[in-house]
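# Inside the fold
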Amino acid sequence: MTRKAILFDLDGTLVDTAPDLAAATDYALTRAGRPAIGLDAVRSMVGDGARALLQKGFTASGGMPAPEQFENAFADFMVYYGQHLTDTSRPFPGVLTCLAALAEQDYALAVCTNKPEGLSRSLLGQLGMLDLFGAVVGGDSLAMRKPDPGHIHGTVDALNARLGAIHGWAAMVGDSANDVNAAKAAGLPCVVVSFGYTRIPPHELGGDRLIDHFADLPEAIVALGG
């Protein structure tokens, strides 16, 4: 038996994590003597992983510090964020119902995110979502990350290793250029959600389908051949 696979980005796609990411970024910045930059600024910086997020935060608050100071601030970020992963982070409306419906239809589900794998698993576990996915592949799980197509291929390989019989058709669901570009390079269709954290308007990302709510995802998947 073969199964079709659906890969999901995490931050800004499955879960609204921006408020907790902003709190961790501001904590690290203020500990380093910088001004806080706030939620609106952080929301547009998410998508390239934790280290890149803090680098963008420093750049926005006066420029990159000395390497040692940055590493100290990054350690502060990771400790704080690890302790506050789900203070306010919640799945977007309709996510849990949609994932359950897709699983019932025997789609193999995976998370393909630039967020570190350990934090991703902890976040999903705390929200009661981890068991919905056959694989969780983070930005530090492989030698590459999105938009490199190897991240997509590696996630499908992880599904195969865990579940077996994932062949042929797969799709990516995300909110950013990283997701669309990785999917295209890997030869996969991509569904873009309109409510994520992209710096580019969602309709300009070049996805194959654009959805405003997770209730629309199953129809989009079928329309793409899934």
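Refer to the structure printed above.
If you're wondering where the values come from, they're calculated on a predicted model, not measured in any experiment. (Residues numbered from 1 in each chain as written. Predicted model: local features only at pLDDT ≥ 70, side-chain atom pairs only at ≥ 80, totals over all residues. Heavy atoms only, no water.)

### Digging into the overall build of the protein chain
In terms of helices and strands, the protein chain carries nine helices and eight strands. Relative to the compact-globule value of 17 Å for 226 residues, the protein chain shows a C-alpha radius of gyration of 17 Å, a close match. C-alpha extents for the protein chain along the principal axes are approximately 55 × 35 × 30 Å. Burial statistics for the protein chain: of 226 residues in total, 50% are counted as buried. Accessible surface, the protein chain as shown: approximately 9,400 Å² in total, 52% of it carbon and sulfur. (Helix = DSSP H or I, 4+ residues; strand = E, 2+ residues; numbered from the N terminus. Rg over C-alpha atoms; globule rule 2.2 N^0.38 Å. Buried < 20%, exposed > 50% of the residue type's maximum accessible area, 1.4 Å probe, protein only. Areas by Shrake-Rupley, 256 points an atom, 1.4 Å probe, with all protein chains shown as cover.)

### Re the pattern of salt bridges
The final tally for this structure, using the stated rule, is 10 salt bridges. With a shortest N-O distance of 3.8 Å, Arg199 and Asp48 are connected by a salt bridge. Within this pair, whereas Arg199 is found in the loop between β7 (190-193) and β8 (209-211), its partner Asp48 is found in the loop between α2 (38-43) and α3 (50-60), the two being separated by 151 residues in sequence. According to the relative accessible area criterion, Arg199 is exposed, its value standing at 52%. Here Arg121 makes a salt bridge to Glu117, at a shortest N to O gap of 2.9 Å. Of this pair, Arg121 and Glu117 both sit in helix α6 (residues 117-126), four residues apart, which is roughly one turn of the helix. Put simply, Asp9, Lys146 and Asp179 are held in one network by salt bridges that share partners. (Salt bridge = Lys/Arg side-chain N within 4 Å of Asp/Glu carboxyl O.)

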